[in-house]
Amino acid sequence: MKILVVYYSVKGATEALARAIGRGIEMTSGCEAVLRAAPPVAAQSSQSLPAVPDSGAPYVAKDDLRDCGGLALGSPTRFGAPSAPIQHFLDGLAAEWVSGALASKPAAVFTSSNSMHGGQEATLLSLAVPLLHHGMVLAGIPYTEPELRKTLSGGSPYGASHVERASENGLTGEEKTLAEALGRRLASLAQALAP
Ligand SMILES: Cc1cc2nc3c(=O)[nH]c(=O)nc-3n(C[C@H](O)[C@H](O)[C@H](O)COP(=O)(O)O)c2cc1C
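Residues numbered from 1 in each chain as written. Predicted model: local features only at pLDDT ≥ 70, side-chain atom pairs only at ≥ 80, totals over all residues.

**Q** Report on the overall build of the chain, specifying residues and quantitative values.
**A** On a plain count of helices and strands, the chain comes out with seven helices and seven strands. Taking 195 residues into account, the globule formula puts the C-alpha radius of gyration at 16 Å, and the chain, at 15 Å, falls close to it. Each principal axis of the C-alpha atoms in the chain carries an extent, and together these give about 45 × 40 × 30 Å. By residue count, 46% of the 195 residues in the chain fall in the buried class. When contacts within the chain are restricted to residue pairs at least 6 apart in sequence, those whose partners lie at least 24 apart make up 74%. (Helix = DSSP H or I, 4+ residues; strand = E, 2+ residues; numbered from the N terminus. Rg over C-alpha atoms; globule rule 2.2 N^0.38 Å. Buried ≥ 20, exposed ≤ 12 C-beta atoms within 10 Å, placed from the backbone. Contact = placed C-beta atoms within 7 Å.)

In structure tokens, the structure reads:
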């Protein structure tokens, strides 16, 4: 079963979370993590982009959404909200909403911010709302994960996260463990909910 992980990342922190979630997905036997990037947007975005960027994951395509058994969606926090490329990606999903392509599939969200109180939880909740409109079943991180009580940086019951200022060398141990746990949970829910 394919579990789609869609993210936007400029400096790599959200991408590091996406990879940790992907590792968690692949700890569940029978599940494959499909990492896809949301393309950037420009003031005039009529230029055509190659299907595969020079670096990072291929850009997300409509087929990825149809074929997935679950979705993790991630964005850097920008002014306490998801970034424009992720919002642009979501705005393009009218046909998938009409067809119910994502309905009853599990979903999870993740983010990276610079500061601890810079709006991570607001971003995670904003990412979750459109997925509820698509009829997705939202999965958070339960407090039965011990790292959720220990973390002094990212990781939240609302989703996986990273705080740059807490660790300039990438994800902390707790952030990584919690992102992997979210991936594992998403994968096992996808198997349980599969028609
Ligand atoms: C336009 C802009 C707005 C930002 N707003 C916030 C913010 O509200 N709170 C915060 O803590 N960090 C903010 N940041 C910092 C990013 O969230 C942070 O650098 C993030 O880890 C980048 O993720 P990436 O490495 O995946 O690109 C902002 C960055 C940019 C460029």
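**Q** Can you break down the site of the ligand residue by residue, with the values?
**A** Around the ligand, the surrounding shell holds 19 residues, and the nearest of these are S9, K11, T14, P76 and G118. Listing elements by their share of the shell around the ligand, those giving two or more residues are α1 (13–26), β3 (70–78) and β5 (106–113). Among the residues making up the shell around the ligand, the classes are represented as four nonpolar, eleven polar and four charged. (Near = placed C-beta within 6 Å. Nonpolar A, V, L, I, M, F, W, Y, C, P; charged D, E, K, R; others polar.)

**Q** Can you lay out the packing of α1 against helix α7 (residues 173–193) for me, pointing to particular residues and giving the numbers?
**A** Between α1 and α7, the least distance of the axes is 6 Å, while the angle of their chain directions is 50°. Viewed along their axes, α1 and α7 adopt a mutual orientation that is oblique. In this structure, the crossing between α1 and α7 has a hand that is right-handed. Contact residues: L17, A20, I21, G22, R23, G24 and I25 in α1; K176, A179, E180, A181, L182, G183, R184, L186 and A187 in α7. (Axes fitted to C-alpha atoms, helices over the stretch in contact; angles between N-to-C directions. Parallel < 35°, antiparallel > 145°, perpendicular 65-115°, else oblique. Left-handed = near helix turned anticlockwise from the far one by under 90°.)

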